[in-house]
Amino acid sequence: MLEVLQLTNTMATQFLLSILTLEQYNHHLIVLDLLSDACDILFTFDKHPLSHSANSVTEIATMEYAREVCFLLSDEENGLHFNVSHTSLTQLEKFLVEDVAKMMHTVMLVRS
């Protein structure tokens, strides 16, 4: 398998990024196989002895979750929009993290 990539002078990263991002391959068997085993693949990357660099799977996942939380907190449709420049002292005093957590949980259930 690796010989084919070497013979065509194609790096594995280039191959994977191409088939996963080009729309023409969306329903290709290789793409469907990769997507069906994505959790196992990411777990294997994370457990590889050389993967604990600045780009480890765990760090990337953490950044993605943080990005999603920021998106949820800024989305006015779900009632979680928070703008500190327009917040009064009374609103801050009534602010409860538990309420935000419940609302975020509800939003995630609706989105999934």
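Residues numbered from 1 in each chain as written. Predicted model: local features only at pLDDT ≥ 70, side-chain atom pairs only at ≥ 80, totals over all residues. Heavy atoms only, no water.

Chemist: Kindly report on the confidence of the model for the chain, identifying the contributing residues and their values.
Modeler: Scored by pLDDT, the chain has a mean of 75; 62% of the residues are at 70 or more. Mean pLDDT in the chain bottoms out at helix H6 (residues 89–94), which sits at 67, and peaks at helix H2 (residues 12–21), which reaches 91. (pLDDT = per-residue confidence, 0-100. Helix = DSSP H or I, 4+ residues; strand = E, 2+ residues; numbered from the N terminus.)

Chemist: Tell me what's going on with the packing of H2 against helix H3 (residues 29–36), and back it up with residues and numbers.
Modeler: For the pair H2 and H3, the least separation of the axes is 10 Å and the interaxial angle reads 95 degrees. The orientation of H2 relative to H3 falls into the category roughly perpendicular. Facing H2, whose interface residues are Phe15, Leu16, Ile19 and Leu20, H3 presents Ile30, Val31, Leu34 and Leu35. Residue classes in the contact of H2 with H3 are distributed as eight nonpolar, no polar and no charged. (Axes fitted to C-alpha atoms, helices over the stretch in contact; angles between N-to-C directions. Parallel < 35°, antiparallel > 145°, perpendicular 65-115°, else oblique. Contact = heavy atoms within 4.5 Å. Nonpolar A, V, L, I, M, F, W, Y, C, P; charged D, E, K, R; others polar.)

Chemist: Which residues make up the environment of Leu34, and what values go with them?
Modeler: Summarising the element assignment, Leu34 is placed in helix H3. For the pair Leu34 and Leu20, spaced 14 residues apart in the sequence, the C-alpha separation amounts to 8.9 Å. Dropping the residues within four chain positions of it, Leu34 is found in contact with Leu16, Ile19, Leu20 and Ile41.

Chemist: Got a sec to walk through a nonpolar patch on the surface? Specific residues and values, please.
Modeler: On the surface, a cluster of nonpolar side chains totalling about 400 Å² of accessible area is made up of Phe15, Leu16, Leu20, Ile30 and Leu35. Counting only elements with at least two residues in the nonpolar patch, the list comes to H2 and H3. Looking at the secondary structure, you find Leu16 in helix H2. Overall, Leu16 belongs to the partly exposed group, its relative accessible area being 31%. (Patch = residues over 30% accessible without salt bridge, like charges linked within 9 Å, V, L, I, M, F, W, Y side chains within 5 Å. Areas by Shrake-Rupley, 256 points an atom, 1.4 Å probe, with all protein chains shown as cover. Salt bridge = Lys/Arg side-chain N within 4 Å of Asp/Glu carboxyl O. Buried < 20%, exposed > 50% of the residue type's maximum accessible area, 1.4 Å probe, protein only.)

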